[in-house]
There are 2 protein chains.
Amino acid sequence: MSEFRCDPITGRQVIIAPQRSRRPIAALSGSESKREPGPAYEAGCPFCAGNEAMTPPELLALGSGGVSADERGWQVRVVPNRYPAVERTQERPRANDSASAGYGAHEVLVESPLHNRQPGSFPPGQMELVIEALHRRGEALAGDPKLHYLQFFRNYRSGAGASLEHPHSQIIALPFVPPLLRRELEQTRKLYLAGGGCPFCRLLEEECVLMERILALNESFSAFIPYAARSPFESWILPRRHGASFLGTGAEERAALAAILERVLRALAQALDDPPYNYYLHAAPLRSPPLPYYHWHIEIHPRVGINAGFEMGSGVYINEIVPEEAARFIREKGRDEDGRERQQDLLHPCAAQSPAGGES
Amino acid sequence: MSEFRCDPITGRQVIIAPQRSRRPIAALSGSESKREPGPAYEAGCPFCAGNEAMTPPELLALGSGGVSADERGWQVRVVPNRYPAVERTQERPRANDSASAGYGAHEVLVESPLHNRQPGSFPPGQMELVIEALHRRGEALAGDPKLHYLQFFRNYRSGAGASLEHPHSQIIALPFVPPLLRRELEQTRKLYLAGGGCPFCRLLEEECVLMERILALNESFSAFIPYAARSPFESWILPRRHGASFLGTGAEERAALAAILERVLRALAQALDDPPYNYYLHAAPLRSPPLPYYHWHIEIHPRVGINAGFEMGSGVYINEIVPEEAARFIREKGRDEDGRERQQDLLHPCAAQSPAGGES
């Protein structure tokens, strides 16, 4: 029997329809075959260390230990996208002009000097540098008063839209607040004004009492499969401290984010056989005052199944795996084999079965 | 240089970014290889003529010339989906209950007795039967007061989510109006109340004066690539006569719809090398009174490129082909080779370049 679920934050409607799944949950891996680890350096790859001349001049390099710009030695590097969707050299769009020049910034965050590393199997500290670079570029872009929103996103593998294999994520800064964010902000503001505080804070509380959809917790973040997940393994990472702006985070909070993001991506890759995925960050508009009703967060979408005519036409999603079962599956199959789970690591399945299991 | 465009009906925002496309327009075909015509009958296919016993009992058969139910002889056949997302045997969902039993109907419209036929290369009259069957099932489902919306959709090829190759489309009837429709209805109502009549009627008028995005016209329908197309070859088919309900159409109008839909699908297949695609119908809720602000219509999405993290996160789409150029490309490459273009057929490229070219 199927069940309608409505996302408490967005009002999005989902049909949870386990009877439609003709395959066991374990077979629900990505559509692409498992990736063979390739070489650490590709002569033609513009993002490989040593090929710095193949990109526009860098905007930022971290972990370089003081070498010159556009030379090897960096651990994380940010460059302008050579094929930008938007450009800062363009005219500022006029208000209420439906066709206006595409002002904005489009940057590539090269996540590693090595061609064959990916999030989930980064060496210690690497994801921290990625998050740090994102934060610094965000602060720089927020200084442009014509930019109003910063969309950070990651496409992993060609099945999720990545055109280059070298590990990289992207930043697109826009001169307007995009529709999905506008709706999320409006909806949460309404819920807040109706009483009950910040809807994200309430959601976090409920998930942590219930525990059945939680994937991982650490001192600052909670990762879980949402109640009305649009696809079987959609996963959210929410800061436990209220805050609408990612740019308002402290260094310690960002380190904890890096740890839980890396851990959740590793668990998904392990449990689902290295699937293609997308993730993105949702946050308040740039230079927004503190918002009592909104939490910045990350949404991860492993590409399992496909959004087809029904989803495209209606905006209603059909999810063939009950979110509670999907979370249990990831917790079980995504565990590190050596059994050494740290605080930001996946919950022990037992801990997640009873509220008494607490938060570590 | 890129350009922001805003859809006048939905307010959706699109970045038209031709400079991002590294490929010539002709190389923008689907991600799947061209289909080899397979056999007309597959022993294991539940939708092939002769295999009627493999489906639940049929709900409708057309073109059967009086044979018994669930026997061969039909040209178009509707059966319940064996793996339904929603079911009518379930409880009616309670109002305002976010988790409620998945009441609804999920039906498969088998479009041909032959396994290897597809829309765009149907024999004459076949698409008319498909549209007729959809209309009859719509009327039947509208008789259930618990159902409020009927979502008709088609997934073509596995790259667009089709799990069976045999030509078929689907109907999902829901006990609520889905979010995309609700937003479209709200937005067009607002535009209507602000003056200027039905926004769809206005759009049709503008497109027919401009002519540069038009693909095909016949006595009752207009097919064009919208001004703010989300992907290069997104195509809309709109009735030229105002009407919010597909169920309110007459037989003649439906025949004209079948003709233009078949023609546009053939042009897209020809120009884009048989790409996967989805299409769906948007219409007023079931049993809705006449709405002065809404037009029912069909939206077609050839799967060229992929919606990735940016689109998923922001709701803003990046389209690498200027819609006017995409329309010209389809008009040129999608023409029938024998040169016999009828009224519902693609416009001659010249006719579309100047408003003086008129409507045929």
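Definitions and cut-offs
- Residues numbered from 1 in each chain as written.
- Chains lettered and ligands numbered in written order.
- Predicted model: local features only at pLDDT ≥ 70, side-chain atom pairs only at ≥ 80, totals over all residues.
- Heavy atoms only, no water.
- Helix = DSSP H or I, 4+ residues; strand = E, 2+ residues; numbered from the N terminus.
- Buried < 20%, exposed > 50% of the residue type's maximum accessible area, 1.4 Å probe, protein only.
- Contact = heavy atoms within 4.5 Å.
- Areas by Shrake-Rupley, 256 points an atom, 1.4 Å probe, with all protein chains shown as cover.
- Buried area = accessible area lost by both parts, 1.4 Å probe.
- Polar contact = N/O pair within 3.5 Å; in protein donor to acceptor, adjacent residues only side chain to side chain.
- Nonpolar A, V, L, I, M, F, W, Y, C, P; charged D, E, K, R; others polar.
- Pairing = 2+ DSSP bridges.
- Least-squares fit on C-alpha atoms with pLDDT ≥ 70 in both.
- pLDDT = per-residue confidence, 0-100.
- Axes fitted to C-alpha atoms, helices over the stretch in contact; angles between N-to-C directions.
- Parallel < 35°, antiparallel > 145°, perpendicular 65-115°, else oblique.
- Left-handed = near helix turned anticlockwise from the far one by under 90°.
- Phe/Tyr/Trp six-rings, centres within 6.5 Å; stacked < 30°, edge-to-face > 60°.
- Patch = residues over 30% accessible without salt bridge, like charges linked within 9 Å, V, L, I, M, F, W, Y side chains within 5 Å.
- Salt bridge = Lys/Arg side-chain N within 4 Å of Asp/Glu carboxyl O.
- Lys, Arg positive; Asp, Glu negative; His and termini not counted.
- Charge placed at Lys NZ, Arg CZ, Asp CG, Glu CD.

## As for the overall build of chain A
Step number 1: When its secondary structure is counted, chain A shows seven helices and 14 strands.
Step number 2: Taking all 360 residues of chain A together, 57% fall into the buried category.
Step number 3: For chain A, restricting intrachain contacts to residue pairs at least 6 apart in sequence, the fraction spanning at least 24 positions comes to 68%.
Step number 4: For chain A, the exposed area adds up to about 14,000 Å²; of that, 51% sits on carbon and sulfur atoms.

## Structural notes on the interface of chain B and chain A
Step number 1: Tallying the contact residues gives 64 residues for chain B and 64 residues for chain A.
Step number 2: Area buried by chain B at its contact with chain A is led by B:Phe4, B:Tyr83 and B:Met312, which between them contribute 15% of it.
Step number 3: Connecting chain B to chain A are 16 residue pairs in polar contact (both at pLDDT 80 or more).
Step number 4: Those elements that place two or more of their residues in the side of chain B that touches chain A are strand S1 (3–6), strand S2 (13–16), strand S5 (100–101), strand S7 (149–156), strand S8 (168–174), helix H2 (179–193), strand S12 (277–282) and helix H5 (309–314) of chain B.
Step number 5: A per-element tally of the side of chain B that touches chain A places H5(B) first, with six residues.
Step number 6: In terms of residue class, the side of chain B that touches chain A is built from 32 nonpolar, 23 polar and nine charged.
Step number 7: As defined by bridge partners, strand S5 (residues 100–101) of chain A adjoins S1(B) across two bridges and the pair is classed as antiparallel. Across the sheet, the residue bridging to A:Ala101 is B:Glu3, located in S1(B).

## Looking at the relation of the copies chain B and chain A
One copy of the chain maps onto the other through a rotation about an axis followed by a shift along the same axis.
Step number 1: If you rotate chain B by 180° and push it 0.0 Å along the axis, it lands on chain A with an RMSD of 0.0 Å. On the angle and the small slide along the axis, the relation comes out as a two-fold axis. Taking C-alpha positions as the reference, the residue of chain B nearest the rotation axis is B:Asn307, at 5.0 Å.
Step number 2: Comparing interface residues between copies, 100% of those in chain B also lie at the interface in chain A; the contact surface is shared.

## Here's the deal with the side chain of B:Ser112
Residues and elements named next belong to chain B.
Step number 1: Counting through the fold element by element, Ser112 comes out in the loop between strand S6 (105–110) and helix H1 (126–142).
Step number 2: Its relative accessible area of 3% is what places Ser112 among the buried residues.
Step number 3: When residues no more than four places from it in sequence are discounted, the contact partners of Ser112 are Phe47, Trp74, Gln75, Arg117, Phe122, Gln126, His166 and Pro167.

## A few points about the confidence of the model for chain A
A low pLDDT score tells you not to read the predicted coordinates there in detail.
All names here are of chain A.
Step number 1: Overall, the prediction assigns chain A a mean pLDDT of 89, with 87% of residues at 70 or greater.
Step number 2: Of the regions scoring below 50 in pLDDT, residues 95–99 engages in eight contacts with residues more than four places distant in sequence or in other chains.
Step number 3: Taken together, the stretch residues 354–360 has pLDDT below 50 and engages in nine contacts with residues farther than four places along the chain or on a different chain.
Step number 4: Here the prediction assigns the complex a pTM of 0.93, and the interface score ipTM is 0.92.

## Observations regarding the pairing of strand S12 (residues 277–282) of chain A
Residue and element names in this part refer to chain A.
Step number 1: Taken across its six residues, S12 has six buried, putting it largely inside the fold.
Step number 2: Burial of the side chains of S12 extends over both faces: Tyr277, Tyr279 and Leu281 are buried on one face and Asn278, Tyr280 and His282 on the other.
Step number 3: Summarising the sheet, strand S7 (residues 149–156) and S12 pair through four bridges and their orientation is antiparallel. Opposite Phe153, over in S12, you have Tyr280 as the bridge partner.
Step number 4: Looking at chain direction, S12 and strand S13 (residues 297–302) are connected through six bridges and run antiparallel.

## Some points on the packing of H1(B) against helix H4 (residues 251–272) of chain B
Residue and element names in this part refer to chain B.
Step number 1: The N-to-C vectors of H1 and H4 enclose an angle of 125°; their axes lie 8 Å apart at closest approach. Relative to H4, H1 is oriented oblique. With respect to the hand of their crossing, H1 and H4 are arranged in right-handed fashion. Across the interface between the two elements, Met127, Glu128, Ile131, Glu132 and His135 from H1 touch Arg254, Ala255, Leu257, Ala258, Leu261, Glu262 and Leu265 from H4.

## Considering the packing of aromatic side chains
Step number 1: The tally for this structure, following the rule as stated, stands at 22 aromatic pairs over all chains.
Step number 2: Summarising the aromatic geometry, the rings of A:Phe310 and B:Phe153 are spaced 5.7 Å apart at their centres and angled 50° between planes, so their arrangement reads as tilted. Here the residue A:Phe310 occupies a position in helix H5 (residues 309–314), and B:Phe153 occupies one in strand S7, the pair thus bridging two chains. The pair formed by A:Phe310 and B:Phe153 is uniform in burial state, with each residue classed as buried.

## Looking at a positive patch on the surface
Step number 1: Residues A:Arg182, A:Arg183, B:Arg182 and B:Arg183 make up a contiguous surface patch of positive charge.
Step number 2: Elements with a contribution of two residues or more to the positive patch: helix H2 (179–193) of chain A together with H2 of chain B.
Step number 3: Mapped onto the elements of the fold, B:Arg183 is located in helix H2.
Step number 4: Judged by relative accessible area, which is 32%, B:Arg183 ranks as partly exposed.

## Comments concerning unusual backbone geometry
Residues apart from glycine generally show negative phi values, whereas peptide bonds are mostly found in trans.
All names here are of chain A.
Step number 1: Even without being glycine, Met211 reaches a positive phi, approximately 65°.
Step number 2: Tracing the chain through its elements places Met211 in the loop between helix H3 (199–210) and strand S9 (214–217).
Step number 3: Take Met211: its relative accessible area is 0%, and that puts it in the buried class.
Step number 4: Here Asp274, not a glycine, exhibits a phi torsion of approximately 60°, which is positive.
Step number 5: Its place among the elements puts Asp274 in the loop between helix H4 (251–271) and S12.

## Quick look at the packing of H4(B) against helix H6 (residues 323–333) of chain B
All names here are of chain B.
Step number 1: The interhelical angle for the contact between H4 and H6, taken along N-to-C directions, is 95°, at an axis separation of 8 Å. It follows that H4 is roughly perpendicular to H6 by the angle criterion. For the pair H4 and H6, the contacting residues are Ala267, Leu268, Gln270, Ala271 and Leu272 in the first and Phe329, Ile330 and Lys333 in the second.
Step number 2: Residues belonging to the contact of H4 with H6 are distributed by class as follows: six nonpolar, one polar and one charged.

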